[in-house]
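What follows is each chain in one-letter form.
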Amino acid sequence: MARYKGYHERVFDSQGQLQYQLTTREYLQRMPSGRPSLSSLFALREIQRESLQLKQGTLMVDAAIVHFQHAYYQDGQLMMGGTEVTFPEGRLHAASLRFDPAHRVLDAPRAMLLSFSGDVLGQYRNYHRPLR
């Protein structure tokens, strides 16, 4: 494992519109064993992502801002822990949260939605929110 300061990722769609951006304070990366022989940059990027362990970061997608304590990529999706999400209507707390970048969706097994003043607006099982 190698430890680094700051990880930044910005992903754009085919029209050049920002889809989402991700920043962290630090990250750990497993060192690959041997050299992969890959034919595409996309496959290389996915292998690099799968080796990351992200710490104390922020994911911004449209009007949603997710702060997380730790995260990692699994099968192209960002798995986050210790999250607080800010939406236009309030804040969401979830112990674990999954971001699917292909469909731009947030999912959590359990989540609590709070107003900005701290009032509980709802507690959810199998929370699912499209971000379009």
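What counts and how
Numbering of residues starts from 1 in each chain and follows the order in which that chain's sequence is written. Totals for whole chains, interfaces and linings use all residues, but because this is a predicted model, local features are given only for residues with pLDDT of at least 70 and pairs of side-chain atoms are given and counted only at 80 or more. The basis for the side-chain values is all heavy atoms of the structure; hydrogens and waters are excluded. Secondary structure elements follow DSSP: runs of H or I no shorter than four residues count as helices, runs of E no shorter than two count as strands, and numbering proceeds from the N terminus. Note on classification: 1.4 Å probe, protein chains only; a residue is buried when its accessible area is under 20% of the maximum for its type, exposed when over 50%, partly exposed between these limits. Note on definitions: a residue-residue contact is assigned when non-hydrogen atoms from the two residues lie within 4.5 Å. Surface accessibility in these figures is a Shrake-Rupley result with a 1.4 Å probe; residues are shielded only by whichever protein chains are displayed. Two rings from Phe, Tyr or Trp (for Trp, the six-membered ring) form a pair when their centres sit within 6.5 Å of each other. Planes less than 30 degrees apart are called stacked, planes more than 60 degrees apart edge-to-face, and all others tilted. When the NZ atom of lysine or the CZ atom of arginine is within 6 Å of a ring's centre and also within 35 degrees of its normal, the charge is said to sit over that ring. For this analysis, a nonpolar core means a set of buried residues of the types Ala, Val, Leu, Ile, Met, Phe, Trp, Tyr and Cys, connected via side-chain atoms within 4.5 Å. A pair of strands is considered paired only if DSSP assigns at least 2 bridges between the two.

1. A look at the overall build of the chain
In step 1: The number of helices and strands found in the chain is 1 helix and 8 strands.
In step 2: Going residue by residue from the N terminus, the α and β elements of the chain occur as β-β-α-β-β-β-β-β-β.
In step 3: The 132 residues of the chain split such that 42% are buried.
In step 4: Excluding contacts between residues fewer than 6 apart, the proportion of contacts in the chain whose partners are at least 24 apart in sequence is 37%.
In step 5: Entry remark: accessible area of the chain is about 8100 Å², with carbon and sulfur atoms responsible for 52%.

2. Overview of the packing of aromatic side chains
In step 1: Overall, the coordinates contain 2 aromatic pairs when judged by the stated rule.
In step 2: An angle of 75° between the planes, with centres 5.1 Å apart, marks the rings of Tyr20 and Phe99 as edge-to-face. Within this pair, whereas Tyr20 is found in strand S2 (residues 18–29), its partner Phe99 is found in strand S6 (residues 90–100), the two being separated by 79 residues in sequence. For the pair formed by Tyr20 and Phe99, the shared burial category is buried.
In step 3: When the ring centre of Phe87 is taken as reference, the NZ or CZ atom of Arg129 above it lies at 3.8 Å.

3. Remarks on the nonpolar core
In step 1: Within the largest apolar cluster, 28 residues are counted, with the highest numbers of intra-cluster contacts made by Leu54, Leu59, Leu78, Met80, Phe87, Phe99 and Leu106.
In step 2: Counting only elements with at least two residues in this core, the list comes to strand S1 (2–12), S2, strand S3 (52–61), strand S4 (64–74), strand S5 (77–87), S6 and strand S7 (105–114).
In step 3: The biggest single contributor to this core is S4, with 5 residues.
In step 4: The contacts of Leu106, once residues within four sequence positions are left out, are Val66, Met80, Val85, Phe87, Leu97, Arg98, Phe99, Tyr127, His128, Arg129 and Leu131.

4. So, the pairing of S6
In step 1: Taken together, the 9 bridges between S5 and S6 define a ladder with antiparallel strand orientation. Considered in S6, the bridge of Phe87 is made with Gly90.
In step 2: Connecting S5 to the antiparallel partner S6 that follows it, the hairpin turn spans 2 residues.
In step 3: Where S6 and S7 come together, 6 bridges link them in antiparallel fashion. Across the sheet, the residue bridging to Arg91 is Leu114, located in S7.

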